[in-house]
Amino acid sequence: MTEPPATAQEQPGRSASQVIRALAPSIYVPTLLQFIGQAALMPVVTLLALRLGFSEAQAASLTVVFGLAAFLGPIPSGRLIGRVGARTALVASGGLLVLASLAAYLVLTPALEGSGGIAHRATLIGMLVVMAGCSQVWMLGRQSYLGTALPASMRARGMTMFGGMIRVGQVIGPLGGAAVLAAGSMTGVFLLYAVMTLAATVMVAVFLPAGERRSAPVRRHREHVPRSPTRIRLTRAVLTRMLLVCVGIAPVMMARVNNPVILPLLGERLGLDAMWISIVFGVSAVVEILLVIPAGVLMDRFGRAAVAVPCAGLMGIGYLALAVAGGAAVGGGHTTALLALLLPSMLIALGNGLGSGIVMTLGIDVSPVHGRTRYLSWWNTMMGAGGLVAPLLVAGIVLVAPMTAAAAVTGVLCLGGAAQLARVLPRATPPGRGRAPGKGDGPAPWGTRPPGGCVTWRGREARVQVSGGALRRPGCAPEERRRS
């Protein structure tokens, strides 16, 4: 795990705006730059693959690389970050991305003038593999760093700002990519991606605090060090908590992954052309971006459930409305078809925007301070599994039913997730600053001092919350043991 030399938690006099401004050059701006480049490149990948000789099915399946990386990549990424530190891992992976992008540009540009061969197709696949793997390092490293740098009282605002930078980059990126394509160079997007990634990497290298360090030295032959019973019980408690929260939030992840699949296909079925479908996506993106800051404020003030439950619920209702309206509008006029796609999409965007950063925030909430990167890698693996299953679920449904059925199933899953989150989050996450902790509220965030308890797994004082009781380590003061 990595941590700055002086975290925001150690500087209680700093306001939320000061903390976010301090993190902007090292975290937020590099995130924006990276996703501008990535969002510019991704829409071109499929078209480029077709030009290189891939079939339509093969070109469409290339994006599975990112789903596999999201599922298989977090744990190796966590080990790398734990071994060399976040800054070193981010800079190294950023440099690798720049080199891979330049190599792809140099190799693939001549291929577009003739016919692409096996070597050119292998270059494209290799670039996507490097891109997917390094993106996991970047995401986990910044998420872990923010978990330590942000005080618990403004953790949600900081994480929603992180998610907001991703969303803004995903809006600006395709516009930049379109400008490059208008200049007549399809492979020019690799140069744009290289420039954006290089700028982000330089900012991380320069502005990430010089005192950033690993929390503990790396032991050789770590597998031979026996784990204590307390550590085993801690791991079980953390995994139990993660799984309970994951069951509720995974449908939100699946709905996000399914959105760019279901909406275009349903829009085409309704007779809308690509321009109007793009307008629907653009309007939805604006709605999501407008809710980034309010979502963080609500989570910090009223707790995670105040945002996560409406997020999943609104997305569920939106997908069900999309299924109903999409079925009813078949054969109608152009305006009817557009409204049938636009209005439910805006409802989905309202829920999705309200949940900006919720997945990353919950990941930090359920991860202990000690070894946070490792626990976050487990959390991200669970989320990656949901993202990998989602398109397979849609593909399986449309084999036997219309696309509206896939939308309906996604909506039902989201409503079920909302019910699970309403049951679990009040006990598993902080209650927020807007109300006092009650009997049904969960413990204070991992690594903070809960009322009447010991600091969670930090130094010699620790307490691990489990359902129905508390697991304590030696080091808690006797009076604190009696109180808790």
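To be clear, the structure that these remarks concern was listed above.
On a predicted model such as this, the values are computed, not experimentally measured, just so you know.

Definitions and limits used
- Residues numbered from 1 in each chain as written.
- Predicted model: local features only at pLDDT ≥ 70, side-chain atom pairs only at ≥ 80, totals over all residues.
- Heavy atoms only, no water.
- Helix = DSSP H or I, 4+ residues; strand = E, 2+ residues; numbered from the N terminus.
- Buried < 20%, exposed > 50% of the residue type's maximum accessible area, 1.4 Å probe, protein only.
- Contact = heavy atoms within 4.5 Å.
- Areas by Shrake-Rupley, 256 points an atom, 1.4 Å probe, with all protein chains shown as cover.
- Disulfide = S-S within 2.5 Å.
- Patch = residues over 30% accessible without salt bridge, like charges linked within 9 Å, V, L, I, M, F, W, Y side chains within 5 Å.
- Salt bridge = Lys/Arg side-chain N within 4 Å of Asp/Glu carboxyl O.
- Expected span 1.5 Å × (residues − 1).
- Bend = angle between axes of the 7 residues up to and from the residue.
- Phe/Tyr/Trp six-rings, centres within 6.5 Å; stacked < 30°, edge-to-face > 60°.
- Lys NZ or Arg CZ within 6 Å of the ring centre and 35° of its normal.
- Core = buried A, V, L, I, M, F, W, Y, C linked by side-chain atoms within 4.5 Å.
- Axes fitted to C-alpha atoms, helices over the stretch in contact; angles between N-to-C directions.
- Left-handed = near helix turned anticlockwise from the far one by under 90°.
- Nonpolar A, V, L, I, M, F, W, Y, C, P; charged D, E, K, R; others polar.
- Polar contact = N/O pair within 3.5 Å; in protein donor to acceptor, adjacent residues only side chain to side chain.

K.L.:
Sorry if this is basic, but what is going on with the overall build of the chain here?
P.N.:
Within the chain, the regular secondary structure consists of 17 helices and four strands. Looking at the chain as a whole, 51% of its 484 residues are labelled buried. Within the chain, contacts between residues separated by at least 24 positions form 81% of all contacts whose residues are at least 6 apart in sequence. When the accessible surface of the chain is totalled, it reaches about 20400 Å², and 67% of it is carbon and sulfur.

K.L.:
How should I be thinking about the state of the cysteines in this particular structure?
P.N.:
Here, disulfide denotes a covalent bond that connects the sulfur atoms of two cysteines. In this structure the tally under the stated criterion is zero disulfides. The thiol sulfur of Cys 311 is not disulfide-bonded, and the nearest other cysteine sulfur, from Cys 414, lies at 7.9 Å. Judged by its relative accessible area of 0%, Cys 311 falls in the buried class.

K.L.:
Honestly, a nonpolar patch on the surface in this entry has me stumped. Any pointers?
P.N.:
A cluster of nonpolar side chains, contributed by Met 275, Ile 279, Val 283, Leu 339, Leu 343 and Met 346, occupies part of the molecular surface with about 490 Å² of accessible area. Of all elements in the fold, only helix 10 (274-290) and helix 13 (334-354) reach the threshold of two or more residues within the nonpolar patch. For Leu 343, the location among the structural elements is in helix 13.

K.L.:
Looking at this model, I keep getting lost on the pattern of salt bridges. Mind explaining?
P.N.:
Oppositely charged side chains can form a pair if their charged atoms are brought close together. Evaluated as defined, the whole model comprises five salt bridges. Here Arg 167 makes a salt bridge to Glu 288, at a shortest N to O gap of 3.4 Å. With Arg 167 in helix 7 (residues 155-182) and Glu 288 in helix 10, this pair connects stretches of sequence that are 121 residues apart. For Glu 288, a relative accessible area of 13% corresponds to the buried category. Where salt bridges share partners, they join Arg 155, Arg 157, Asp 300, Arg 304 and Asp 365 into one cluster.

K.L.:
Hey, could you run me through the environment of Ile 358 in this one?
P.N.:
Its location among the elements puts Ile 358 in helix 14 (residues 358-365). For the pair Ile 358 and Arg 304, spaced 54 residues apart in sequence, the C-alpha separation works out to 7.7 Å. Residues contacting Ile 358, with those up to four places away along its chain left out, are Ile 249, Arg 256, Met 299, Arg 304 and Ala 308.

K.L.:
I keep staring at helix 9 (residues 229-269) and nothing clicks. Help me out?
P.N.:
Turn by turn, an α-helix covers 3.6 residues, leaving residues three or four places apart pointing in a common direction. Between its terminal C-alpha atoms helix 9 stretches 58 Å, which fits the 60 Å expected from 41 residues at 1.5 Å a residue. Bending of helix 9 peaks at approximately 45° at the position of Asn 258, with proline Pro 260 no more than four residues after it.

K.L.:
I'm lost on the environment of Leu 392 in this one. Help?
P.N.:
Positionally, Leu 392 belongs in helix 15 (residues 372-398). Residue classification places Leu 392 among the exposed residues on the basis of a relative accessible area of 59%. Once the C-alpha coordinates of Leu 392 and Asn 258 are considered, the two residues, 134 residues apart in sequence, prove to be 9.7 Å apart.

K.L.:
I keep staring at the environment of Val 238 and nothing clicks. Help me out?
P.N.:
The topology assignment puts Val 238 in helix 9. Given a relative accessible area of 0%, Val 238 falls into the buried group.

K.L.:
Honestly, the packing of aromatic side chains in this entry has me stumped. Any pointers?
P.N.:
Working definition: an aromatic ring pair is given by the centre-to-centre distance plus the angle between the planes. Taken as a whole, this structure holds one aromatic pair when the rule is applied. Taking the centre distance of 5.2 Å and the plane angle of 80° together, the rings of Tyr 375 and Trp 378 count as edge-to-face. Note that Tyr 375 and Trp 378 are positioned in helix 15 at a spacing of three residues, about one turn of the helix. What makes Tyr 375 buried here is its relative accessible area of 0%. A cation sits over an aromatic face here: Arg 374 above Tyr 375, 4.7 Å from the ring centre.

K.L.:
What exactly am I supposed to notice about the nonpolar core here?
P.N.:
By size, the foremost hydrophobic cluster in this structure holds 62 residues, and its most contacted members are Leu 23, Tyr 28, Leu 124 and Phe 190. The set of elements that each furnish at least two residues to this core consists of helix 1 (16-51), helix 3 (64-72), helix 5 (86-113), helix 6 (118-149), helix 7, helix 8 (188-207) and helix 14. For Leu 23, the contacting residues outside a window of four places in its chain are Tyr 28, Tyr 145, Leu 146, Ala 149 and Leu 150. With 55 residues, the next largest nonpolar core counts Ala 255, Leu 272, Leu 322 and Leu 425 among its residues.

K.L.:
I'm lost on the packing of helix 1 against helix 7 in this one. Help?
P.N.:
In helix packing, the relevant descriptors are the interaxial angle and the interaxial distance, both defined with respect to the helix axes. Running from N to C, helix 1 and helix 7 cross one another at 35°; their axes reach a closest spacing of 6 Å. Here the hand of the crossing between helix 1 and helix 7 comes out right-handed. Here the residues of the contact of helix 1 with helix 7 are counted per class, giving 18 nonpolar, six polar and one charged.

K.L.:
Before we go on, may I ask you to explain the side chain of Ser 26 in this structure?
P.N.:
Tracing the backbone through its elements, the reader meets Ser 26 in helix 1. Non-local contacts of Ser 26, meaning those with residues more than four positions away in its chain, are made with Val 204, Phe 207 and Leu 208.

K.L.:
Explain the side chain of Thr 160 to me, please; I cannot follow it from the model alone.
P.N.:
In this fold, Thr 160 is placed in helix 7. At 2.9 Å, the side chain of Thr 160 forms a polar contact with the backbone oxygen of Arg 157. Residues contacting Thr 160, with those up to four places away along its chain left out, are Val 292, Ala 295, Gly 296, Met 299, Ser 356 and Gly 357.

Purely geometric stuff here, so don't read any function into it on its own.
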